[in-house]
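Residue-level listing of the chains:
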Amino acid sequence: MPEQNESPFDRPGRLEALRRRLLGERTQTDLIPVDLTGRISAGDETGKFVRVEELSGPAPSYLILLAHDQEFTHGCGDYWVEDFPALERFFAEGAWVVDWFG
């Protein structure tokens, strides 16, 4: 997240991600796979591994897992979002480019 005096456009890749979305170009945030592991190659959290899991319920919600290693044993953390549009916004706000495995 940006610091109080920092513009969101100061984060690496953020302006380019917004430009692509405004022009209607497909980005990796348009295709967020569930139950696949990937490595964040650009944006916030660069270098960390990410995995999205769908949580069951009347309306599915999503758990976003982050870690320093592919096995998710070191430097782990997670975020929860209420629905798929919120998941897409989460990825876009971080300007994440993810290299998905599998």
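Below you will find a few notes about this structure. None of the values given here were measured: they were computed from a predicted structure. (Residues numbered from 1 in each chain as written. Predicted model: local features only at pLDDT ≥ 70, side-chain atom pairs only at ≥ 80, totals over all residues. Heavy atoms only, no water.)

## Points about the sheet that holds strand 2 (residues 49-55)
Next up, step 1: Overall, antiparallel pairing links the 5 strands, which are arranged 4-3-2-1-5 in an open sheet. The open sheet terminates on both sides in strands that have one partner only, identified here as strand 4 (77-81) and strand 5 (97-100). On average, each strand axis in the sheet is inclined to that of its neighbour by 30 degrees, with strand direction left out of account.
Next up, step 2: Examined bridge by bridge, strand 2 and strand 3 (residues 61-67) share 7 bridges and lie antiparallel to one another. Across the sheet, residue Glu53 finds its bridge partner in strand 3, namely Leu63. (Pairing = 2+ DSSP bridges. Helix = DSSP H or I, 4+ residues; strand = E, 2+ residues; numbered from the N terminus. Axes fitted to C-alpha atoms, helices over the stretch in contact; angles between N-to-C directions.)

## Observations concerning the pattern of salt bridges
Next up, step 1: Under the counting rule described, the total for this entry stands at 2 salt bridges.
Next up, step 2: With its nearest N and O atoms 3.7 Å apart, the salt bridge here joins Arg51 to Glu53.
Next up, step 3: Classification of Arg51 by relative accessible area gives partly exposed; the value is 22%.
Next up, step 4: In this structure Glu53 comes out as partly exposed when scored by relative accessible area, which is 27%. (Salt bridge = Lys/Arg side-chain N within 4 Å of Asp/Glu carboxyl O. Buried < 20%, exposed > 50% of the residue type's maximum accessible area, 1.4 Å probe, protein only.)

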